[in-house]
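Listed here are the chains, written in short residue letters.
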Amino acid sequence: MAEYIFGRNAVLELLNSNKVEVLYVQKGNLKGSIEKIIGKAKDDKIVIKYVDKNKLDNISQGGTHQGVAAAVLEYKYFQVDDILNEAYEKKEDPFIIILDEIEDPHNLGAIIRTAEVAGAHGVIIPKRRSATVNSVVHKASAGATSYLKIAKVTNITETIKYLKAKNIFIYGADGEAKSFYNETNLTGPIGIVVGNEGKGITKLVKQNCDELIKIPMFGNINSLNASNAAAIILYEVVRQRNEEK
Ligand SMILES: C[S@@+](CC[C@H](N)C(=O)[O-])C[C@H]1O[C@@H](n2cnc3c(N)ncnc32)[C@H](O)[C@@H]1O
């Protein structure tokens, strides 16, 4: 069952933290701060439903709704083992994307979308210093957050060690790597680490990767956008896996 928040200040706060799934506005009640709320929801491309007062009275169960309520988007994160089990149940080698502090929700959404389309089994993000699955990510993923398993972990390095103990080979995507991504064998059980937009993969995480791989660059800019880099590498994994069959 959806959880609802009501009242103008509470709804605006929820909008600012990108956690509104659907906005409910009382028909005809469009004056004052409600205009700001509707404007923000429109900017964020959130579904707005104009409803009768009765509907809002029901949602708020007698509370003061001031003509507005919102359904809260709460993503239920999976465990790393759920991602592994998804692969094992499908009798496939695990194919996991590990995001080391991706901060931009649009990048996170885009990577989740590519990972889902590429047939990966899940995406792992850290609890801290990372974008989390909110309405912006949900939209940027084109709804892929509803299909792909996303796990939120306390420590990426520990998770990598855990995956390595399960015979999963961990590649770090790094523009300074020696090996080229397309000359590296990316078949078998693998995890691909993609780093933060500004600082790349953190030192400790990098040290714990089995191998670093790079996408060649020929221009003046010293890196690709994280979600573009992820897409290029994920599709090389797809290519190699299909060639293997
Ligand atoms: C914007 S880049 C980070 C740039 C950062 N200044 C650095 O030193 O890594 C974000 C992430 O995208 C991936 N990436 C970007 N360009 C890449 C390339 N040429 N080869 C492999 N990965 C790349 C890496 O995972 C990187 O951590």
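Model, not experiment: these values are computed from the prediction. (Residues numbered from 1 in each chain as written. Predicted model: local features only at pLDDT ≥ 70, side-chain atom pairs only at ≥ 80, totals over all residues. Heavy atoms only, no water.)

Enquirer: Help me out: how do you make sense of the site of the ligand in this one?
Expert: Every one of the 18 residues lining the ligand counts as a neighbour, but Ala173, Gly195, Gly198, Ile215 and Leu224 are closest to it. Take Gly198: an N or O atom from its main chain is 3.1 Å from a nitrogen atom of the ligand. Between a nitrogen atom of the ligand and a main-chain N or O atom of Ile215, the distance comes to 2.9 Å. When isolated, the ligand has an accessible area of 560 Å², and the protein chains bury 85% of it. Taken together, the elements giving at least two residues each to the shell around the ligand come down to strand E10 (190–195), strand E11 (211–214) and helix H9 (226–244). Its residues assigned to classes, the shell around the ligand comprises 9 nonpolar, 6 polar and 3 charged. (Near = heavy atom within 4 Å. Polar contact = N/O pair within 3.5 Å; in protein donor to acceptor, adjacent residues only side chain to side chain. Areas by Shrake-Rupley, 256 points an atom, 1.4 Å probe, with all protein chains shown as cover. Helix = DSSP H or I, 4+ residues; strand = E, 2+ residues; numbered from the N terminus. Nonpolar A, V, L, I, M, F, W, Y, C, P; charged D, E, K, R; others polar.)

Enquirer: What's the story with the nonpolar core in this structure? I'm lost.
Expert: Nonpolar side chains in soluble globular proteins tend to end up buried together. Phe95, Ile97, Leu99, Leu108, Ile112, Val123 and Ile192 are the most contacted members of the largest nonpolar core, which has 35 residues in total. At the level of secondary structure, the elements contributing two or more residues to this core comprise strand E5 (95–100), helix H5 (105–117), strand E6 (122–126), strand E8 (169–173), E10 and H9. Sequence-distant contacts of Leu108, defined by excluding residues within four places in its chain, comprise Leu99, Ile102, Ile125, Ala131, Thr132 and Val137. Residues Leu84, Ile156, Ile201 and Cys209 belong to the second largest nonpolar core, which totals 17 residues. (Core = buried A, V, L, I, M, F, W, Y, C linked by side-chain atoms within 4.5 Å. Buried < 20%, exposed > 50% of the residue type's maximum accessible area, 1.4 Å probe, protein only. Contact = heavy atoms within 4.5 Å.)

Enquirer: Hey, could you run me through the pattern of salt bridges in this one?
Expert: Between side chains of opposite charge, a pair can form when the charged atoms approach closely. In this structure the tally under the stated criterion is 13 salt bridges. We note a salt bridge from Lys199 to Glu101, for which the minimum N-O separation is 2.7 Å. One end of the pair, Lys199, is in the loop between E10 and helix H8 (203–208); the other, Glu101, is in the loop between E5 and H5, and 98 residues separate them in sequence. Here Asp174 and Lys206 are joined by a salt bridge, their closest N and O atoms 3.2 Å apart. Separated by 32 residues along the polypeptide, Asp174 in the loop between E8 and strand E9 (179–180) and Lys206 in helix H8 bring together distant segments of the chain. Connected through shared salt-bridge partners, Glu86, Lys90 and Lys149 make up one network. (Salt bridge = Lys/Arg side-chain N within 4 Å of Asp/Glu carboxyl O.)

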